[in-house]
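# Topology and contacts: notes
Okay, here's what each chain looks like letter by letter:
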Amino acid sequence: METELNIDYTVGQMVEGFVYSELEAKGLFGLAGKLVIQPEYQRNYIYNDGKKDVAVIESLLSGYPLGLIYFVDNDGKLEVLDGQQRITSFGRFVTGKFAIKVDGHEQTFSSLAKDQQRKILDSKLLVYTCKGEESEIKEWFETINIAGVPLSSQELRNAIFSGPFVTAAKATFSNSQDARQNMWGTYVKGNASRQQVLEEALSWIAESQGETIDGYMAKHRQNKSCKRLETYFTTVIDWANVTFLSTSSHMRGLEWGRLYERFHTKPFDPAAVDADVQQLLDDEHVTKKSGVFEYVLGGKTEHNLIHVRLFDEGVKRQAYKTQTDAAQKAGKSNCSVCASVDNRNKTKIWDLKEMEADHVTAWSKGGASTIDNCEMLCKPHNAAKGNH
């Protein structure tokens, strides 16, 4: 890949004809239309947090260098390879999109003193212009984005598989202004601008087809539409929304694609499902609330999904002492199962470390993890009894 250093660019030149899309949260053009600020392999603008964008402007006013910026010369058409967050930040400031504090007072670009405005616009930028094959550009893009705010895994995939499919998918899943994001956020954890909603949608459909996200994106890279992806994603969300009458913060981030594939062909009574879910969410003995939804859908048999709280050490020691004292007086084993059968352990007194606590009335049948529902069994018999 060939590179050429250009130190003649100024901020003023860069923001000439600057266009920013509030809808897509990205800078579009600069250099009087000669520069594409955010080509499709770039991530969305993430500096608009009142800190990073402000820091860019404060650096310019202080005369600090902003670091190297990289352009790609694509047959005379310039694209930003690295630096789009900084360029978009000072473009947004100059066009009045946000304010900074100067001497304790909020100032937009237009309200700054003329000398301060000129200092920003005349600031020189160090720009390397690169030429090379697509594979070289993508490899370099990955390398230079190791520092700073790292690329998310999906931002990197978008760069590697850039094309019409990524363009369509980002328009659908990465638009934070889309009203559907509120509903999607009930089930999907992540930031739309950082491509995490898109990543989740891709993971669901890829897994349903026995593929990886990379494999799915490579296969569909030249598709001009992402309609199949959108349809599958909304189908999963709609199924979850119908199956569970009430929403909960514990739903967010679950593997809804996998749950849909496992359960969507089975009929459920939403009212009964809701009652079971609410009871379990309110149960203090259930320590993994996120597992409640799959547990209920699966017929409430997979107890490992919800991590039912076992007896604490104090309860076990108390139950052990009570049982052992009574067993010694009766000349029987302190394990009730051993005492009830005719074998060599019929009168054995087990050490506490050789026993485990068991629910007399199973937790799944309403038994609590309290002293009056605790029975100590020898480990072999407790294991033979199985899960409650």
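The structure contained in this document is the topic of the report that follows. (Residues numbered from 1 in each chain as written. Predicted model: local features only at pLDDT ≥ 70, side-chain atom pairs only at ≥ 80, totals over all residues. Heavy atoms only, no water.)

So, about the pattern of salt bridges. Within this structure, the stated rule accounts for 19 salt bridges. The shortest N-O distance in the salt bridge between Arg 180 and Asp 178 comes to 3.0 Å. In this structure, the salt-bridge partner of Glu 230 is Lys 227, at a minimum N-O distance of 3.8 Å. With Glu 230 and Lys 227 both in helix α11 (residues 227–243), this residue pair falls three residues apart, about one helical turn. On the basis of relative accessibility, which here comes to 14%, the residue Glu 230 falls in the buried class. Bridged by salt links that share partners, the residues Glu 255, Arg 258, Arg 262, Glu 294 and Glu 302 form one connected network. (Salt bridge = Lys/Arg side-chain N within 4 Å of Asp/Glu carboxyl O. Helix = DSSP H or I, 4+ residues; strand = E, 2+ residues; numbered from the N terminus. Buried < 20%, exposed > 50% of the residue type's maximum accessible area, 1.4 Å probe, protein only.)

What follows is about a nonpolar patch on the surface. A cluster of nonpolar side chains, Leu 5, Ile 7, Leu 68 and Leu 126, forms an exposed patch at the surface whose accessible area comes to about 320 Å². What makes Leu 68 partly exposed here is its relative accessible area of 33%. (Patch = residues over 30% accessible without salt bridge, like charges linked within 9 Å, V, L, I, M, F, W, Y side chains within 5 Å. Areas by Shrake-Rupley, 256 points an atom, 1.4 Å probe, with all protein chains shown as cover.)

Right, let's get into helix α3 (residues 84–94). Buried residues dominate α3, accounting for 10 of its 11 residues. Of the residues making up α3, those classed as buried are Gln 84, Gln 85, Arg 86, Ile 87, Thr 88, Ser 89, Phe 90, Gly 91, Arg 92 and Phe 93. Following α3 by one or two positions, Gly 96 has its phi on the positive side, about 80°.

Scanning all chains against the criterion turns up 17 aromatic pairs. Considering the side-chain rings of Phe 165 and Tyr 216, the 6.2 Å spacing of their centres and the 65° angle between planes classify their relative orientation as edge-to-face. Taken together, the positions of Phe 165 in helix α7 (residues 164–173) and Tyr 216 in helix α10 (residues 213–219) put the pair 51 residues apart, joining distant regions of the chain. By relative accessible area, Phe 165 is classed as buried at 2%. For Tyr 216, a relative accessible area of 1% puts it in the buried group. Between Phe 263 and Phe 268 the ring centres are 6.4 Å apart and the planes differ by 70°, which places this aromatic pair in the edge-to-face class. (Phe/Tyr/Trp six-rings, centres within 6.5 Å; stacked < 30°, edge-to-face > 60°.)

What follows concerns the nonpolar core. Counting residues in each nonpolar core, the largest one holds 49 residues, and the members touching the most others are Phe 173, Leu 229, Phe 233 and Trp 256. At the level of secondary structure, the elements contributing two or more residues to this core comprise α7, α8 (180–187), α9 (196–208), α10, α11, α12 (256–263), α13 (270–282) and α14 (292–297). The contact partners of Phe 173, leaving out residues within four places of it in the chain, are Gln 181, Trp 184, Ala 192, Val 197, Leu 198, Ala 201, Cys 226, Leu 229, Glu 230 and Phe 233. Judged by nonpolar contacts, the second largest core, of 34 residues, contains Ile 57, Ile 69, Phe 90 and Ile 120. (Core = buried A, V, L, I, M, F, W, Y, C linked by side-chain atoms within 4.5 Å. Contact = heavy atoms within 4.5 Å.)

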